[in-house]
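Structural overview for review
For reference, the chains in residue letters:
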Amino acid sequence: LKEKYSGIRLFSIPNGVDISKFKPKRSTMKQFNNEIMNILSVARLEKQKNLKSLIKAIAILKSKYRIHLKIVGWGKLKLQLIKLAKELKVSLKIINRVPYDKIVKYYHQTDIFCLPSFLEGQPKSLLEAMACGLPCLVGKYAGSEEFKDKKEVLISGFKAEEISKKLIQLIKDKDLRKRLSKNARKKIE
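Summary of the structure given here. (Residues numbered from 1 in each chain as written. Predicted model: local features only at pLDDT ≥ 70, side-chain atom pairs only at ≥ 80, totals over all residues. Heavy atoms only, no water.)

**Some details on the side chain of Lys49**
Tracing the backbone through its elements, the reader meets Lys49 in the loop between strand 1 (36-42) and helix 1 (51-61). A relative accessible area of 7% means that Lys49 is categorised as buried. Once residues within four sequence positions are removed from consideration, Lys49 is found in contact with Ala43, Arg44, Pro116, Ser117 and Glu120. (Helix = DSSP H or I, 4+ residues; strand = E, 2+ residues; numbered from the N terminus. Buried < 20%, exposed > 50% of the residue type's maximum accessible area, 1.4 Å probe, protein only. Contact = heavy atoms within 4.5 Å.)

Pasting the structure below:
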């Protein structure tokens, strides 16, 4: 861009997060023996976010694990997602838009953050979750290769079966969750 527009001053302003507001909650990480696992996704309720596959993935796991899924967002698929969750007997709560100064409480109530999107830019919700030190599972969208070394987030395919396998990996491996949590926060800092 600088070559093409040499007469114009250009600035790169990356998508940032206030790390003094979005910070890890002080608590111990769950073992997930018989405890409820709280999964959060903050996303528009649109096809591109692949939330139907996330609900189906949780349905695959519900016989072995107690999982509550919370989605903060709004969009055209709200009623379809609620219907699917009821059909599959998945515990789902959808919360409409939340003001920026109130969203951090949802991250602090969460054990694992999921964003299984088909397509993303630099998702603000992922950066916020990472800043809060959450272990994050993201779809293998174009751009997720930034995390190809798997030090900060775990990358999944888009199908429900692929997502559920990665969730099992996170559930069973507390050390993996701790490592992702620590590295995610460090990357955002």
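**Some remarks on the packing of aromatic side chains**
Inspection of the entire model under this criterion finds four aromatic pairs. Their ring planes at 75° and their centres at 6.0 Å tell us that Phe22 and Tyr107 sit as a pair that is edge-to-face. With Phe22 in the segment before strand 1 and Tyr107 in helix 3 (residues 104-108), this residue pair connects regions lying 85 residues apart in the sequence. Its relative accessible area of 0% is what places Phe22 among the buried residues. Ring pairing ties together the aromatic residues Phe22, Tyr100, Tyr107 and Phe113, which thus form one cluster. (Phe/Tyr/Trp six-rings, centres within 6.5 Å; stacked < 30°, edge-to-face > 60°.)

**Topic: the state of the cysteines**
Tallied over the entire structure, the rule returns zero disulfides. There is no disulfide at Cys114, and the cysteine sulfur nearest it, in Cys136, is 8.5 Å away. Assessed through its relative accessible area of 1%, Cys114 is described here as buried. No disulfide involves Cys132; its nearest neighbouring cysteine sulfur is the one of Cys136, lying 9.2 Å away. (Disulfide = S-S within 2.5 Å.)

**Topic: the nonpolar core**
Grouped together as the largest cluster of nonpolar side chains are 31 residues, with contacts concentrated most on Ile39, Ile58 and Leu167. Those elements that provide at least two residues to this core are strand 1, helix 1, strand 2 (66-72), helix 2 (78-88), strand 4 (112-115), helix 5 (160-172) and helix 6 (174-188). A per-element tally of this core places helix 1 first, with seven residues. Once you skip the residues sitting within four places of it in the chain, Leu167 turns out to touch Ile39, Ile58, Leu61, Ile112, Cys114 and Leu137. Ranked by size, the runner-up nonpolar core spans 27 residues in total, among them Val42, Val98, Leu127 and Val138. (Core = buried A, V, L, I, M, F, W, Y, C linked by side-chain atoms within 4.5 Å.)

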